[in-house]
Amino acid sequence: MLRIGHVQLQSNLLLAPIAGYCDLAFRTICRRYGGLGLACTDLLSPQGLLRGTATSLDLAQTNDFDKPVGMQLYGGEPGIMADGALWARDHGATIIDINMGCPVDKVTKKDGGSRLLCIPDTAERIVDAVVNAVGKGSNPVPVTCKMRLGWFDDQPIAEWLAPRLVKAGACMITIHGRTTQQKFSGTVQYEGIRRVVAAIKAEHPGIPVIGNGDVTEPHHVPEMIARTGCDGVMIGRGALSTPWIFRDAHALMTTGVIPPPPGVEEIMQIMRDYFDLMRRYRTDHYAMVQIRRRVSWFAKRLPHCKPFKETLRTAPDSEAVYAALDAFSRGELRSRPPRGQDDQQEVEDSGSSGPNAEAEAA
Ligand SMILES: Cc1cc2nc3c(=O)[nH]c(=O)nc-3n(C[C@H](O)[C@H](O)[C@H](O)COP(=O)(O)O)c2cc1C
């Protein structure tokens, strides 16, 4: 079992922050299936939280069921990050995570995200300031960092920066096995992750290190652990199509057996619940926008669903969304499989939009 500072997790599987996707509604769906040790908000602007900007407050939403939860802050100014951490602590964060991996210009040009890999002294000062603000005293909130291997492909900064961040007070490091230059292209570098794990363990053997990148099937979890020596695994995009992946991976690791996958009706119920939760926590408009863009991800696990996807993508209102979900449950809104093509083939072909495409465009 994984322990972050004084926080004991129920499993060593973590849901990654995916900006625009891993909101309270989605985290709730993943948690209902079990197996999830820790989930995290998407990256949050401390200035936005402190000013009470509606978008930031929406992104920081949490509740009692959504625990333990990490709130992830980004930025390059130690004082503001510390104030943001105090806000997060007072609004339900179990853990404060510092983003050192985001490659998006909007974030890096203000010295946030993976730009911190290029200014290690600032990265260290941020950890120090945040730990001083929330990580000490009688009720400390553990501070963690999520980082990439480095900015440039040929400069693996993380393997020497990560131990320094731990020395500054970070209680856990998550390492996404890509560089900023790579953005989201290519495949995850297990060897790079292994080197970061080894560097941290050499100096701080008790500090958990989490491996991240390209885990889309339950058996990728033991593979990540075996190839890198990491203590736990964080899953992002794999959970978008398969929110029950934590249940499956946990079952695989503890019993050796993966439970049967949810059938079509259960997936429709997941989508209904997800839509309902978004309407409850946010607005009808938000729920409509999200369900239209998220249908491609759920569709990866649905057979012969092109008409269903199209209907949801063009649904004018919530009534039309519920009607489409009911219709697909009844066997309607399905394409006829081409001769010789089985369900699985169409499942594999469906959907090419979503965070991969968005991340590559960013
Ligand atoms: C669209 C998109 C948004 C992301 N947003 C965040 C974010 O807010 N904070 C963060 O630390 N990482 C973010 N990530 C990176 C993921 O957390 C994760 O490190 C990366 O996707 C690799 O893991 P995966 O292959 O399991 O998805 C984002 C990735 C994508 C594709």
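Residues numbered from 1 in each chain as written. Predicted model: local features only at pLDDT ≥ 70, side-chain atom pairs only at ≥ 80, totals over all residues. Heavy atoms only, no water.

As a further point, take a positive patch on the surface. Judged by side-chain charge, Arg51, Lys106, Lys109 and Lys110 come together as a positively charged surface patch. Examined against the element boundaries, arginine 51 turns out to sit in helix 2 (residues 46-51). (Patch = residues over 30% accessible without salt bridge, like charges linked within 9 Å, V, L, I, M, F, W, Y side chains within 5 Å. Areas by Shrake-Rupley, 256 points an atom, 1.4 Å probe, with all protein chains shown as cover. Salt bridge = Lys/Arg side-chain N within 4 Å of Asp/Glu carboxyl O. Lys, Arg positive; Asp, Glu negative; His and termini not counted. Charge placed at Lys NZ, Arg CZ, Asp CG, Glu CD. Helix = DSSP H or I, 4+ residues; strand = E, 2+ residues; numbered from the N terminus.)

When cut into domains, the protein gives domain 1 (3-255) and domain 2 (264-361). The partner domain 2 presents 23 residues to the 23 residues of domain 1 that form the contact. Buried surface at the junction of domain 1 and domain 2, summed over both partners, amounts to about 2,100 Å²; 57% is from carbon and sulfur atoms. The partner of arginine 282 in a salt bridge is aspartate 58, and the shortest N-O contact between them spans 3.5 Å. For the pair domain 1 and domain 2, the number of links is 10 residue pairs in polar contact (both at pLDDT 80 or more). Those elements giving two or more residues to the side of domain 1 that touches domain 2 turn out to be helix 1 (24-33) and helix 10 (237-241). (Domains from an automatic or database assignment. Contact = heavy atoms within 4.5 Å. Buried area = accessible area lost by both parts, 1.4 Å probe. Polar contact = N/O pair within 3.5 Å; in protein donor to acceptor, adjacent residues only side chain to side chain.)

Relative to the elements of secondary structure, glutamate 266 occurs in helix 12 (residues 264-281). Along the sequence, glutamate 266 and leucine 13 sit 253 residues apart, while their C-alpha atoms lie 23 Å from each other. Within polar-contact distance, the side chain of glutamate 266 engages the side chain of tyrosine 33 at 2.5 Å.

Our next topic: the site of the ligand. Every one of the 18 residues lining the ligand counts as a neighbour, but Pro17, Gln72, Asn212, Asp214 and Arg237 are closest to it. Here proline 17 contributes a backbone N or O atom positioned 2.7 Å from an oxygen atom of the ligand. Between the ligand and the protein, one listed contact pairs an oxygen atom with a side-chain N or O atom of glutamine 72 at 2.8 Å. Relative to its free-state accessible area of 610 Å², the ligand is covered by the protein chains to the extent of 93%. Taken together, the residues of the shell around the ligand sort by class into 9 nonpolar, 6 polar and 3 charged. (Near = heavy atom within 4 Å. Nonpolar A, V, L, I, M, F, W, Y, C, P; charged D, E, K, R; others polar.)

Within the secondary structure, arginine 272 is located in helix 12. Under the relative-accessibility criterion, arginine 272 is labelled buried at 12%. Here glutamate 265 takes part through its side chain, which lies 3.5 Å from a polar atom of the side chain of arginine 272. (Buried < 20%, exposed > 50% of the residue type's maximum accessible area, 1.4 Å probe, protein only.)

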